[in-house]
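What follows is each chain in one-letter form.
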Amino acid sequence: MSASGGDGPEASPNRAPDPAGGGPAEGGQVPAAGGQTPAGEPAAGRPHRHHHPDMDPDPDPESRSEGRGASTGTLLDTLRVAVVMLDTSGRVLLWSPLAQEVLGWAGEHIVGRRVGGLFGPPESPPGQPPRRGPDEIPRMPDPSPAEQILADLLRGGRWDGILSLRHRDGHTVQVETRASLLVDGDGRPFVLASMVETSRLRTLEHDLAALDSLFDSSPLGVAIFDRDLRYVRLNEALAAMNGMPVADHIGHTVLEVLDERSAADLTALQRDVLATGRPVIDLVTYAPHGRGHRSLSYHRLVDRAGRVLGISATVIDVTERVQAAAKVERARRRLALLNDVGTRIANVLDVRRCAEALAAAVVPTFSDYSGVILHAEVADGGELPTAPYGDNTPMRQLGTGAVRWGPEVERMILTGQAIGFTRKSIFGTVLSTGQPRMVSSEEELLATTFPGDPKVRAALALGVHSLLVLPLRARGVVLGLLVVSRAREREPFDHDDLALAMELANRAGAALDNARLYVREREGALMLQRSLLPQSVVEPPGVGVAFRYVPGSSGAEVGGDWFDVIPLAGGRVAFVVGDVMGHGLGAAATMGRLRTAVRTLAGLDMPPDELLRRVNELGDDLAQGQAEGWMATAVYAVYDPSTRRIAIAQAGHLPPVLVEPVTPPPPGGEGPGADPDECLARLVELPSGVPLGVGGVRFETTELAVADGAVLVLYTDGLVETRGQDIGEGLERLRQTLCRPLPSLEDSCDDVLAIMQPGREPDDVALLMARLGGLPAGSTASWTFPAEPSAVRLARRRVRDTLVEWGLAPLTDVTMLLVSELVTNSLRYAHGPIGVRMVRGSSLLVEVSDPLPDPPRERIATLEDEGGRGLQLVARASRRWGTRHGRFGKTVWFELALP
């Protein structure tokens, strides 16, 4: 069937008959214009691609071999450009395979027939099959659109437009067509037309439009590089960033466009992306010539066939972003510095240590060198300076910091050195006005202190080029200066640094003032406490004493630890150690009142438990106020050298330690002796009681017999307590320490403190060590007389003979007189044996005891009274006298000074 109604011979597939109707063209095919098949489209019946090496976009042989024989992956494959060749009558001479794909008509059904039947509306209503054969081309009414287009083409030589063609399945396909009238080698005219589906073409056009928009309107820099990393395309934004026109980039590499340093790094980066395909995303680097910062992103470009075409680049100017991030980071570092300095100096309650911490905190984070200079009064914890700063104002450098130390640095900043300056110098101006100064030149640096200052010359030799001189203020008064400097290559200080430094100086000034106030209060509390503690203690015969008091050095206030050694009648001695709960002046004052109460009650010669009970009853008077409670622990011991017995009671205190003397081996080395490996120190087991101020529990006295030369150790909890450790471990460590051979008591105190407090800052510690011995042989004499009149005569005789034997004859008369008065009183009022005891020590002690518990009462006798003058006589003739209660009565005693 022909295109005009079926007349004419049937043509072979993809091959046109002779234009005159006599058969195929010469050679069996119709050539394209110029005798060649159209480029990019295989001729009908001969699917062959004409190829020239110079036109290959991928010179890689392997890539070319992969591309041969495959029709997918290129732009032409995406567009599907169909080629059709017609004669001047509209008969199809050549029908390409892509035309068959687009319209569904095979070449054997269309070649040799007219194309008019492909135009026009469908012959059947929608949804019904066409009323024709499956391979029959529909007829069109005359004149058909094909004939009109052919007439226009013959007149003008070319035609282009959009055609609506009938697909073999019955639907319409819109194609954009380009047709040209050509002449073959024999002079015969023919029409060559190419067709592309408009849907595919519009998609491609949209993609290209989007790409053009990206290049033309994007504020980002965009560029395309080929496989040789040459610019193929870039937008105006990137050209403006590089400072060159777009045309000067095309065909050049970054090595030829940018500065050498930047281009070398970028070229290496581009080559890596091209070779590996690994993208680079948001790489922030310096802009060319170091002017700002850029964010770079690179991706490898690959076509649909997988061939590498080059790389794409996206460049963003992120200078403002980097600067903003740098400001944020700088602010973060400054806040961190403020926090670090505040943390270091906040809890330091010592002026010197606070100055040292401040100087160390700013190096090297903020400066290379630093120094804290304070008024001498402030450095010593004195009053705030009130006089104006002048040439002779004493200033001292307390804190220093440096990135490195050396002779020049020590000449510039040395801890403890005096700082001199003139009133008109920068130092003097800052001290007088309280306003900071930033020094940025050598001339200003020479004017910081005084002309010819060796410290300034040392600073210049170290390369110091920027200096901040900052006042350290507290409560409106300038305490001193914080001086920080930068040297050599480090960037100088700016106004932001000055603001930060002033914030540091203000915080440091407050911390230094707090430390100054604390030092004042602490020194006052320590002075009060030391004045309330014994500066020296008595050592009665047979007793040796050593003591130590160590105030706490951990930053806490002064504590309430105390001790005392109290001489008692009869050569006895009382030892007491206590600890008032709390710290500060209140605890020190309570400690002083408690010590006074104990010393006063000890003079009444009462048992230890009774003394603690009386002190506990004084709680309201010992506290600072009725509404304020108090609590204290204490241990009280009374030792009698004549009997070598000790009575101890404690109120919630830690147990004493008793160190037994080493028993020497018998002569000849045989027989029992002390084991050298045996520990002779033991904790004395006593009823612990409750702390003073609590009440509700009775105190108990425990009596022990001690060996001659034993050592009693009393202490407070600061000696054995360690944070995070059970106190039992501290007690055992103390016991083991005391197991070592004890030299002198003084050395033993030092050894115990050194071992029990190894390098840590302790709480207050009170330590009392007493070596307990007996009186020398022949130092005591005692008798018991029946309650008979002869007792007075017998007592006088024994006393006289003993004094002569001791070589104390000058005391005979007065001693015999006083003993006669006391024994006479016992005979008059008591009914039982009368005891007389004499002790020779640093004084002469005489005791008269009887079973009557009531103490004698001294009364004033009139001239008419015959008696009542005995106790008055004892009080006048002796150095001191008193009474004490015992388990079986009372004892009246007096002392006489030795001649």
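What you see is a predicted model, and the numbers here were worked out from it, not measured in a lab.

## A short note on the overall build of the protein
Step number 1: The number of helices and strands found in the protein is 25 helices and 30 strands.
Step number 2: Excluding contacts between residues fewer than 6 apart, the proportion of contacts in the protein whose partners are at least 24 apart in sequence is 62%.
Step number 3: Carbon and sulfur atoms provide 53% of the accessible area of the protein, an area that totals close to 45000 Å².

## Quick word on the environment of Ile149
Step number 1: As for its position among the elements, Ile149 is in helix H5 (residues 145-156).
Step number 2: According to the relative accessible area criterion, Ile149 is buried, its value standing at 18%.
Step number 3: Distance in space between the C-alpha atoms of Ile149 and Ala179 is 9.7 Å, their sequence separation being 30 residues.
Step number 4: When neighbours within four sequence positions are excluded, Ile149 is seen to be in contact with Phe119, Trp159 and Leu163.

## Description of the sheet that holds strand E1 (residues 82-86)
Step number 1: Spatially, the 5 strands line up as an open sheet ordered E2-E1-E5-E4-E3, and their pairing is antiparallel. Two strands lie at the open edges of the sheet, namely strand E2 (92-95) and strand E3 (158-166), each paired on one side alone. On average, each strand axis in the sheet is tilted by 25° relative to the strand beside it, whichever way the strands run.
Step number 2: Here 9 bridges tie strand E4 (residues 172-183) to strand E5 (residues 189-197), and the two strands are oriented antiparallel to one another. By the bridge assignment, Glu176 is partnered in E5 with Val196.

## Some thoughts on the pattern of salt bridges
Step number 1: Scanning the entire structure with this criterion turns up 50 salt bridges.
Step number 2: Note that Arg80 is salt-bridged to Glu101, the shortest N-O span being 3.6 Å. In this pair, Arg80 sits in the loop between helix H2 (75-79) and E1 while Glu101 sits in helix H3 (residues 97-103), placing the two residues 21 residues apart along the sequence.
Step number 3: A residue is classified by how much of its surface remains accessible, and Arg80, at 18% relative accessible area, is buried.

## A word on the packing of aromatic side chains
Step number 1: Scanning all chains against the criterion turns up 3 aromatic pairs.
Step number 2: Between Phe225 and Tyr231, the ring centres sit 4.5 Å apart and the planes meet at 45°, which makes this aromatic pair tilted.
Step number 3: When its relative accessible area of 3% is taken as the criterion, Phe225 is described as buried.
Step number 4: Geometrically, the ring pair formed by Phe366 and Phe493 is tilted, given 5.4 Å between the ring centres and 40° between the ring planes. Here Phe366 is found in the loop between helix H11 (351-361) and strand E11 (369-375), whereas its partner Phe493 is found in the loop between strand E15 (477-487) and helix H17 (495-532), with 127 residues between them in sequence. In this pair, the class of Phe366 matches that of Phe493, namely buried.

## Some details on helix H10 (residues 319-346)
Step number 1: In this model, H10 (28 residues) spans 40 Å end to end at C-alpha, consistent with the 40 Å of a helix rising 1.5 Å per residue.
Step number 2: For H10, the full list of buried residues reads Thr319, Arg334, Leu337, Leu338, Val341 and Ile345.

## Here we look at the environment of Ser297
Step number 1: Residue placement: Ser297 occurs in strand E9 (residues 293-302).
Step number 2: On the basis of relative accessible area, Ser297 is assigned to the buried category, the value being 16%.
Step number 3: For the pair Ser297 and Ala313, spaced 16 residues apart in the sequence, the C-alpha separation amounts to 5.7 Å.
Step number 4: Excluding residues that lie within four positions of it along the chain, Ser297 makes contacts with Val280, Ile281, Asp282, Ser312, Ala313 and Thr314.
Step number 5: Side-chain polar atoms of Ser297 contact the backbone nitrogen of Asp282, separated by 3.0 Å.

## Looking at the pairing of strand E19 (residues 632-640)
When a strand is regular, its side chains alternate between the sheet's two faces.
Step number 1: A large share of E19 lies buried, amounting to 9 of its 9 residues.
Step number 2: Alternating residues of E19 divide into Ala632, Ala634, Tyr636, Val638 and Asp640 and Thr633, Val635, Ala637 and Tyr639, and every residue in both groups is buried.
Step number 3: Sheet topology note: the strand E18 (residues 573-583)/E19 ladder contains 8 bridges and is antiparallel. Of the residues in E19, the one forming a bridge with Ala574 is Val638.
Step number 4: Pairing between E19 and strand E20 (residues 645-651): 6 bridges, direction antiparallel. Along E20, the bridge assignment pairs Tyr639 with Ile646.
Step number 5: A loop of 4 residues connects E19 with E20, the two strands running antiparallel in sequence, and Arg644 in this loop sits at a positive phi of about 50°.

## So, the sheet that holds strand E10 (residues 308-317)
Step number 1: If you walk across this open sheet you meet the 5 strands as E7-E6-E10-E9-E8, and the pairing is antiparallel. The strands lining the two open edges of the sheet, one partner per strand, are strand E7 (231-234) and strand E8 (280-286). In this sheet, adjacent strand axes meet at a mean angle of 25° when their direction is disregarded.
Step number 2: Across the sheet, helix H9 (residues 260-276) lies against strand E6 (221-226), E8, E9 and E10, angled at about 30° from E9, the strand it touches most.

## As for the side chain of Ser878
Step number 1: Among the secondary structure elements, Ser878 is positioned in the loop between helix H25 (870-877) and strand E29 (880-886).
Step number 2: The exposure class of Ser878 is buried, given its relative accessible area of 10%.
Step number 3: Among the polar contacts made by the side chain of Ser878, one reaches the main-chain carbonyl oxygen of Val874 at a distance of 2.7 Å.
Step number 4: When near neighbours in sequence (up to four residues on either side) are disregarded, Ser878 contacts Leu818, Phe894, Glu895 and Leu896.

## Observations concerning a nonpolar patch on the surface
Step number 1: A surface patch of nonpolar side chains, amounting to about 240 Å² of accessible area, comprises Leu208, Leu211 and Leu214.
Step number 2: For Leu214, the location among the structural elements is in helix H6 (residues 198-217).
Step number 3: Judged by its relative accessible area of 39%, Leu214 is partly exposed.

## Points about the nonpolar core
Step number 1: By size, the foremost hydrophobic cluster in this structure holds 52 residues, and its most contacted members are Phe575, Leu611, Tyr636 and Ile646.
Step number 2: With 7 residues, E19 is the largest single contributor of residues to this core.
Step number 3: Non-local contacts of Ile646, meaning those with residues more than four positions away in its chain, are made with Ala637, Val638, Tyr639, Thr702, Glu703, Leu704, Val706, Leu712 and Leu772.
Step number 4: Formed by 40 residues, the second largest nonpolar core is a distinct cluster that contains Leu398, Leu470, Ala501 and Met502.

## Topic: the pairing of strand E23 (residues 702-705)
Step number 1: Side-chain alternation along E23 places Thr702 and Leu704 on a buried face and Glu703 and Ala705 on a face that remains uncovered.
Step number 2: Where E20 and E23 come together, 4 bridges link them in antiparallel fashion. Bridge pairing in E23 places Ile648 opposite Thr702.

## A word on the packing of helix H21 (residues 727-738) against helix H22 (residues 745-756)
Step number 1: Interhelical geometry of H21 versus H22 gives an angle of 140° and a closest axis separation of 10 Å. The orientation of H21 relative to H22 falls into the category oblique. Where H21 crosses over H22, the handedness of that crossing is right-handed. Residue-level inspection shows Gly730, Arg733, Leu734, Thr737 and Leu738 of H21 in contact with H22, the latter providing Val752, Ile755 and Met756.
Step number 2: Residues of the contact of H21 with H22, tallied by class, amount to 5 nonpolar, 2 polar and 1 charged.

## Focus: helix H18 (residues 585-602)
Step number 1: Relative to the 26 Å expected for 18 residues at 1.5 Å per residue, H18 spans 26 Å between its end C-alpha atoms, a close match to the ideal helical length.
Step number 2: Buried residues of H18: Ala587, Ala588, Thr590, Met591, Gly592, Leu594, Arg595, Ala597, Val598, Leu601 and Ala602, and no others.

## Let's talk about the packing of helix H23 (residues 790-806) against helix H24 (residues 812-829)
The geometry of a pair of packed helices is captured by two quantities: the angle between their axes and the separation between those axes.
Step number 1: For the pair H23 and H24, the least separation of the axes is 9 Å and the interaxial angle reads 150°. In terms of axis orientation, H23 runs roughly antiparallel to H24. Regarding H23 and H24, the two cross each other, and that crossing is right-handed. Of the residues in H24, those in contact with Ala791, Val792, Ala795, Arg796, Val799, Arg800 and Leu803 of H23 are Thr812, Thr815, Met816, Leu817, Val819, Ser820, Val823, Thr824 and Leu827.

## Section: the confidence of the model for the protein
Step number 1: Summary statistics for the protein give a mean pLDDT of 81 and a share of 83% for residues scoring 70 or more.
Step number 2: Note on residues 1-71: pLDDT under 50 across the span, and 99 contacts to partners over four residues away in sequence or across chains.

How each quantity is defined
- Counting of residues starts from 1 at the beginning of each chain's written sequence and follows it residue by residue.
- Owing to the predicted nature of the model, reporting of local features is limited to residues with pLDDT of at least 70; listing and counting of side-chain atom pairs is limited to 80 or more, with chain, interface and lining totals taken over all residues.
- Values shown for side chains rest on all heavy atoms present in the structure; no hydrogens or waters enter the calculation.
- Helix numbers and strand numbers start at the N terminus; a helix is a DSSP run of H or I with at least 4 residues, a strand a run of E with at least 2.
- Any two residues whose heavy atoms approach within 4.5 Å are treated as being in contact.
- To be clear on the numbers: accessible area is Shrake-Rupley with a 1.4 Å probe, and residue cover counts the displayed protein chains and nothing else.
- Residue burial is assigned from relative accessible area. The probe radius is 1.4 Å, only protein chains are included, and a residue is buried under 20% of its type maximum, exposed over 50%, and partly exposed in between.
- If DSSP finds at least two bridges between two strands, the strands pair.
- For helices, the fitted axis covers only the stretch in contact; all axes are lines through C-alpha atoms, and the angles between them, taken along N-to-C directions, range from 0 to 180 degrees.
- The term salt bridge refers to a pairing of a side-chain nitrogen on Lys or Arg with a carboxyl oxygen on Asp or Glu at a separation within 4 Å.
- Each aromatic pair joins two rings of Phe, Tyr and Trp (for Trp, the six-membered one) with centres within 6.5 Å, and gets the label stacked for planes under 30 degrees apart, edge-to-face for over 60, and tilted for any other angle.
- Expected helix span is taken as 1.5 Å per residue step, with the number of steps being one fewer than the number of residues.
- Pairing of N or O atoms within 3.5 Å defines a polar contact, subject to two protein rules: one partner must be a possible hydrogen donor and the other a possible acceptor, and residues neighboring in sequence count only if both atoms are side-chain atoms.
- Like-charged residues within 9 Å of one another, or nonpolar side chains (Val, Leu, Ile, Met, Phe, Trp, Tyr) within 5 Å, are grouped into patches, provided each residue has over 30% relative accessible area and no salt bridge.
- Nonpolar cores were defined as sets of buried Ala, Val, Leu, Ile, Met, Phe, Trp, Tyr and Cys residues, with membership established by side-chain atoms within 4.5 Å.
- Any angle between 65 and 115 degrees counts as roughly perpendicular, while under 35 counts as roughly parallel, over 145 as roughly antiparallel, and the rest as oblique.
- Left-handed describes a crossing in which the near helix is turned anticlockwise from the far one by less than a right angle; the clockwise case is right-handed.
- Think of it as three bins: nonpolar holds Ala, Val, Leu, Ile, Met, Phe, Trp, Tyr, Cys and Pro, charged holds Asp, Glu, Lys and Arg, and polar takes everything else, Gly as well.
- Every residue carries a pLDDT, the predictor's confidence in it, which falls somewhere between 0 and 100.

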